[in-house]
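Survey of secondary and tertiary structure
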Amino acid sequence: MEGIVLRPQGQGCIVETPSGRMLCWMRGRLRQTGVSPLAGDRVEVLPGAQGEGVIESVAPRRNQLSRPAVANVDRVVTVTSLVDPRVPPLLLDRFLALAEKARVRAVVVVNKVDLGRAQEILQVENRYRSVGYPVYPLSARLGEGVEPVRREIAQGGVTVLAGVTGVGKSSLFRCLIPGASVEVGQLTRQGHGRHTTKHTELFPVGDGYLADTPGFSALTLEGVEPGEVAGLFPEFRPFLGRCRFSDCRHLDDVGCAVTQAVGTRIDPVRYESYTFLLREAMEARRSH
Ligand SMILES: Nc1nc2c(ncn2[C@@H]2O[C@H](COP(=O)(O)OP(=O)(O)OP(=O)(O)O)[C@@H](O)[C@H]2O)c(=O)[nH]1
Ligand SMILES: [Mg+2]
Ligand SMILES: [Zn+2]
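Notes on the structure in this doc start here. (Residues numbered from 1 in each chain as written. Chains lettered and ligands numbered in written order. Predicted model: local features only at pLDDT ≥ 70, side-chain atom pairs only at ≥ 80, totals over all residues. Heavy atoms only, no water.)

Turning our attention to the pattern of salt bridges. Oppositely charged side chains can pair when the atoms bearing their charge come close. Within this structure, the stated rule accounts for 20 salt bridges. The salt bridge involving Asp 252 is made with Arg 249; its shortest N-O contact spans 3.4 Å. The exposure class assigned to Asp 252 is exposed, which follows from its relative accessible area of 65%. Residue Arg 249 is classed as partly exposed on the basis of its relative accessible area of 37%. When salt bridges that share partners are traced, they join Arg 75, Arg 105 and Glu 152 into one network. (Salt bridge = Lys/Arg side-chain N within 4 Å of Asp/Glu carboxyl O. Buried < 20%, exposed > 50% of the residue type's maximum accessible area, 1.4 Å probe, protein only.)

Shown next as structure tokens:
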């Protein structure tokens, strides 16, 4: 039967199948190929005795995040806040660009609406809705505005949260999965030298799953070619191919259709993020 890996466990993993959760082991010849199951892996299971099973095959991964290790991500909920911390738009736009690069659906959460800034929140809502991203303003602390996010995740597939430190990812996670234990208000220590054995775990939400560790922790557009960056901004796409020169960088180039649209169909703040991410991609290429 078909199943999805919820988390690795020892040499095996916990798989959710139509007939419940099973502790599963990889078939020997699979282990020899060096495949180890990740949260999100779709697997074929042969049920055995006592709620255990054997994994016969692992479906090819549609995508895979390292740090945290999650396979087959369908959706990223990018979390930001305007106060405490005040997250620069560039950091949100970078997560959105990474999601576009991975071909993963992205939605935007503006957390901490209990701290005010109603006017600015509206501005951010308009900015990202006009690009096509659903925007959910909410307060994880008060548990207000969380239901639409739950419905989004419950539609199906695997969702990860993303966002810089302190925006409230763990707090939102706790609203969505009340029973689970995650650290709130502490710096997540993962990936800072200390050896942590904690694996990513998926928790069911309706017909979907939410990962308990945030995704896209790699904070640069490494592996993105400079020429690709403009295409990672959905609102730029109608203008691409319409510039005078085919190698237009959409900076100060003559006859650029993108820069002509800045201030009307392209938000200047988003354009600013583009110029920064383009430089980042150019530098990354130079240093390799
Ligand atoms: N006022 C307010 N504070 C919040 C809200 N959500 C979270 N916080 C606080 O913001 C701080 C950081 O929240 P976390 O949930 O730990 O943030 P995080 O994104 O998981 O941070 P890292 O794990 O470091 O990446 C904590 O002190 C929370 O109590 C909110 O909606 N309103
Ligand atoms: Mg956290
Ligand atoms: Zn151009």
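After that view, the rundown keeps rolling.
On to the pairing of strand S3 (residues 20–26). Relative to S3, strand S2 (residues 12–17) runs antiparallel, the two sharing five bridges. Looking at the pairing, Glu 16 lines up with Arg 21 of S3. Where S2 folds back on S3, the antiparallel hairpin that results is connected by two residues. Strand direction decides the pairing type here: S3 and strand S5 (residues 52–58), joined by four bridges, are parallel. In the sheet register, Trp 25 faces S5, and the bridge partner there is Val 54. (Pairing = 2+ DSSP bridges. Helix = DSSP H or I, 4+ residues; strand = E, 2+ residues; numbered from the N terminus.)

Looking at the metal site, the zinc ion (ligand 3) is ligated by Cys 243 (SG), Cys 248 (SG), His 250 (ND1) and Cys 256 (SG), spaced 2.1 to 2.4 Å from it. Coordination at the zinc ion (ligand 3) is tetrahedral: its four donor atoms span angles of 104 to 114° at the metal. Each donor residue of the zinc ion (ligand 3) belongs to the same chain, with the gaps between them written as C-x4-C-x1-H-x5-C. For Cys 256, a relative accessible area of 1% corresponds to the buried category. (Donors = N, O, S within 2.8 Å, 3.2 Å for Na, K, Ca; no water. Tetrahedral: all angles 85-135°; square planar, octahedral: opposite > 155°, others 65-115°.)

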